[in-house]
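Here are the chains, one letter per residue:
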Amino acid sequence: MAIYDLAVIGLGLIGSAALRHLSLNFPNLCVCGIGPDEPRKRKTHQGVFASHYDQGRITRVLDPSQLWGELARESIARYSDIEAASGLQFHHRVGCLRATDIEERIAEVDICARTYNPPHQRLDAAGCKTVYPFLSFSDDFVAWDEKGEAGYINPRSLIAAQLTVAKANGADIIREIVSSIDHRGDGLTIRTREGGLLQARRALITAGGYSNTLLDRKLALATKGHTILLAEAPPEEIERLRAMPSIISSFEDPSVASLYMLPPVPYPDGKTYIKLGPSGYPEPYFNAVDSDSELLDWFHSDGREDIAEAMKAALHRMVPDLKVLSYHSVPCLITNSAHGNPYIDTLEDGRIYLATAGNGYAAKSSDEIGRIGAMLCATDEWHTGLNREDFRAVYAEGG
Ligand SMILES: Cc1cc2nc3c(=O)[nH]c(=O)nc-3n(C[C@H](O)[C@H](O)[C@H](O)COP(=O)(O)OP(=O)(O)OC[C@H]3O[C@@H](n4cnc5c(N)ncnc54)[C@H](O)[C@@H]3O)c2cc1C
C-alpha cells in the first residue's frame, strides 16, 4: 500500500494549488493529490462534479471585501510564475469593469481601491460610455475600470498548470474519487470508489461542494445550483467587442442588469461565447442542491430556463444591438460558507485539514487559498497576515 506524508483530496482550483505549494515548499515530503478529472460526458456521468468546468473566470483585485481583495492580489501576483513554470497560459489581461449604484457597495469598493490600489480609474456613467461605447447600464452609477492584471483566467488551464508543476516537483496524482477516510490507527487510511487504498499521515480536504461527503461531522456548507448562459458570438461581434473587459454589475433597480459577464472567449467546441450569470440576485436565482442525487440531477440538466431567459434579456440590455448566433445554458455549483469567507482550518489536529468554500469567488484567489491550506496542513502554522479567525470552519447545526 502506498504511504504518503500528505494527501490533498480534491484536485479542483484550490486542491491543485495546494498540491503545487506542498511540492514546492516541502520537497522532502511524499505528497499526493487524489481527485478525478473533468467528466467526459456531463449528462450521463455518475461520479462527482466541480465548479470549474469552464473557459473563463473573472480575475480582479477590487472587491467589496478587503479579505477577498487580498486573497486575489496574492494569487494574481503568482500567475506569471505558474505560467512560466508550467508552460501553460491561463491568464488574459482584458481588464475588469465593476459598476454599481448601491451606496454601501461603492464605499466598500473604494476602501479596497485605496488599500490595494491596482491600476484603475473610477468612472461615472458618461465616462463609462466614452470608454465602452458598446455598453449600456443606467444613467447614474459608479464604475471602477481595473486594468493591469485584471481580466479573466481559464480555470481548466490553471488547474492543468498547477498539476504540471506539482508533478514535475515529484507529487503523485491519483485520478480517483475518495470514498472514505478512516481515522483509526496512526495515520489515515484512504479508500477510493475505484478500489484504491493508501495511507497518509495528514490530509487536506479540498473537495469543494463534496467536502461534507468526506467528513463525519458536517460543515455549514450550502451547495447551490447556478445557471450560466453562453451566447455564441459571430465574427463581426467578436471584432466589435475586442476591447470588452470582464464585467460585474450590481444595481438597486431590478430592471438594470445585475450580473457578471465575460468578453467573447473561445471554447473547446470551436465556438466563441459571451458568458454571463446572475450576480447580486436574491436566493430565487439559485437552487439548493444538497444530496448526492440532487447534485447528479442538477449537473445532468441544462440549468434553469427562467434564469437563462433573464440573462438573455440582461445581455441585450447591456450590449444593445448585439447579434447572437445561438444560446445555451449550463449548470454550475457554488459552495457557500456560513461567513462568506473560505474555510481554511484544522479539523483534527495533526490529521485532517480543510480548504474549501469558494463562495462563488475563489477561482482567481485559489492559489493563495490553496497555499494557506497547504502550509497549515504541513506545519500547523498560519502563514498569512490575514486573521485566522475569519477562516474558521463552521459546523452545521447538529452536524
Ligand atoms: C458559474 C460560475 C462562475 C464563477 N465565476 C467566478 C469568477 O468569475 N471568478 C472567480 O474567482 N470565481 C468564480 N467562480 C467560483 C469558482 O469557480 C469556485 O469558487 C472554485 O471553483 C472553487 O474551487 P474548489 O477547488 O473549492 O472547488 P472545485 O473547483 O469544485 O474543485 C473541487 C474538486 O474536488 C473534487 N472532488 C469532489 N469530491 C471528491 C472526492 N470524494 N474525492 C476526490 N475528489 C473529489 C472534484 O472533482 C473537484 O475537482 C464561479 C463559479 C461558478 C459556478
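Residues numbered from 1 in each chain as written. Predicted model: local features only at pLDDT ≥ 70, side-chain atom pairs only at ≥ 80, totals over all residues. Heavy atoms only, no water.

## Brief notes about the site of the ligand
Taken together, 36 residues sit near the ligand, with Ser 51, His 52, Ile 58, Cys 332 and Tyr 361 positioned nearest. Val 178 is positioned such that a nitrogen or oxygen atom in its backbone is 2.9 Å from a nitrogen atom of the ligand. Between the ligand and Ala 363, the relevant distance is 3.1 Å, taken from an oxygen atom to a main-chain nitrogen or oxygen of the residue. Calculation on the ligand without its partners gives an accessible area of 1,000 Å², and the protein chains cover 97% of this total. Sorting the residues of the shell around the ligand by element identifies α1 (13–25), β3 (57–59), β13 (222–232), β19 (326–336) and α9 (362–379) as the ones contributing at least two each. Along the lines of polarity and charge, the residues of the shell around the ligand split into 23 nonpolar, 10 polar and 3 charged. Here the shell around the ligand spans two domains, since at least three of its residues come from each of domain 1 (2–52 + 156–218 + 340–391) and domain 2 (96–147 + 222–336). (Near = heavy atom within 4 Å. Polar contact = N/O pair within 3.5 Å; in protein donor to acceptor, adjacent residues only side chain to side chain. Areas by Shrake-Rupley, 256 points an atom, 1.4 Å probe, with all protein chains shown as cover. Helix = DSSP H or I, 4+ residues; strand = E, 2+ residues; numbered from the N terminus. Nonpolar A, V, L, I, M, F, W, Y, C, P; charged D, E, K, R; others polar. Domains from an automatic or database assignment.)

## As for the environment of Asn 287
Inspection of the secondary structure assignment puts Asn 287 in strand β18 (residues 287–288). Considered as a pair, Asn 287 and Ala 207 are 80 residues apart in the sequence and their alpha carbons are 20 Å apart. Once residues within four sequence positions are removed from consideration, Asn 287 is found in contact with Thr 223, Lys 224, Gly 225, Trp 298 and Arg 304. (Contact = heavy atoms within 4.5 Å.)

## Observations regarding the domain arrangement of the protein
Parsing the protein into structural domains produces domain 1 (2–52 + 156–218 + 340–391) and domain 2 (96–147 + 222–336). Of note, the centres of domain 1 and domain 2, computed from C-alpha atoms alone, are 29 Å apart. Contacts between domain 1 and domain 2 engage 18 residues on the former and 16 residues on the latter. In this assembly, domain 1 and domain 2 are joined by 2 salt bridges. The salt bridge involving Arg 42 is made with Asp 302; its shortest N-O contact spans 4.0 Å. Residues that form the side of domain 1 that touches domain 2 fall into these classes: 4 nonpolar, 11 polar and 3 charged. (Salt bridge = Lys/Arg side-chain N within 4 Å of Asp/Glu carboxyl O.)

## Quick word on unusual backbone geometry
With a phi close to 40°, Asn 117 is a non-glycine residue in the positive phi region. Among the structural elements, Asn 117 can be located in the loop between α3 (103–116) and β6 (120–123). Positive phi values are uncommon outside glycine, yet Asp 380 reaches one of about 65°. Residue position: Asp 380 is located in the segment after α9. The class of Asp 380 is partly exposed, set by a relative accessible area of 34%. (Buried < 20%, exposed > 50% of the residue type's maximum accessible area, 1.4 Å probe, protein only.)

## Quick word on the packing of helix α2 (residues 66–86) against helix α5 (residues 155–168)
Packed helix pairs are specified by the crossing angle of their axes together with the interaxial distance, meaning the distance between the axes. Where α2 meets α5, the axes come as close as 9 Å, and the angle between the chain directions of the two elements is 60°. If you check the angle between α2 and α5, you find them oblique. For the pair α2 and α5, the sense of crossing is left-handed. Residue-level contacts link Ile 82, Ala 85 and Ser 86 of α2 to Ala 161, Gln 162, Thr 164 and Val 165 of α5. (Axes fitted to C-alpha atoms, helices over the stretch in contact; angles between N-to-C directions. Parallel < 35°, antiparallel > 145°, perpendicular 65-115°, else oblique. Left-handed = near helix turned anticlockwise from the far one by under 90°.)

## Looking at the sheet that holds strand β4 (residues 91–92)
Paired through their backbone hydrogen bonds, the strands of a sheet run either parallel or antiparallel. Taken together, the 3 strands give an open sheet; going across it, the order is β3-β8-β4, and neighbouring strands pair in antiparallel fashion. Edge strands, defined here as strands with exactly one partner in the open sheet, are β3 and β4. Alignment of β3 against strand β8 (residues 151–153), held across 3 bridges, turns out to be antiparallel. Among the inter-strand pairings, Thr 59 is bridged to a residue of β8, identified as Gly 151. (Pairing = 2+ DSSP bridges.)

## Regarding the packing of aromatic side chains
In this structure the tally under the stated criterion is 9 aromatic pairs. Judged by centre distance (5.7 Å) and plane angle (80°), the ring pair of Phe 141 and Phe 251 falls under edge-to-face. Here Phe 141 is found in the loop between α4 (125–131) and β7 (142–146), whereas its partner Phe 251 is found in the loop between β14 (246–250) and β15 (259–261), with 110 residues between them in sequence. The exposure class assigned to Phe 141 is buried, which follows from its relative accessible area of 5%. (Phe/Tyr/Trp six-rings, centres within 6.5 Å; stacked < 30°, edge-to-face > 60°.)

## Some thoughts on the nonpolar core
Ranked by internal contacts, the top residues of the largest apolar core, which has 43 residues, are Leu 19, Leu 22, Leu 71, Phe 90, Ile 344, Ile 369 and Phe 391. For this core, the elements supplying multiple residues, two or more each, are β1 (2–9), α1, α2, α3, α5, β21 (352–356) and α9. The greatest single-element share of this core, amounting to 8 residues, is contributed by α9. Residues Ala 50, Ile 177, Ala 357 and Ala 393 belong to the second largest nonpolar core, which totals 36 residues. (Core = buried A, V, L, I, M, F, W, Y, C linked by side-chain atoms within 4.5 Å.)

## Here's the deal with helix α8 (residues 305–318)
Residues spaced three or four apart along an α-helix point in a common direction, a consequence of the helix completing one turn every 3.6 residues. Here α8 spans 20 Å end to end across 14 residues, near enough to the 20 Å set by a 1.5 Å rise per residue. On the buried face of α8, the contacting elements are β13, β14, β15, β17 (272–278) and β19. (Expected span 1.5 Å × (residues − 1).)

## Regarding the pattern of salt bridges
Taken as a whole, this structure holds 26 salt bridges when the rule is applied. When the shortest N-O distance is used, the salt bridge between Asp 145 and Lys 147 registers 3.8 Å. On the basis of relative accessibility, which here comes to 0%, the residue Asp 145 falls in the buried class. Residue Lys 147 is classed as partly exposed on the basis of its relative accessible area of 37%. Between Arg 240 and Glu 237 there is a salt bridge whose closest N-O contact spans 2.6 Å. Separated by 3 residues within a single helix, Arg 240 and Glu 237 lie in helix α6 (residues 235–240), roughly one turn from each other. Residue Arg 240 is classed as partly exposed on the basis of its relative accessible area, which comes to 35%.

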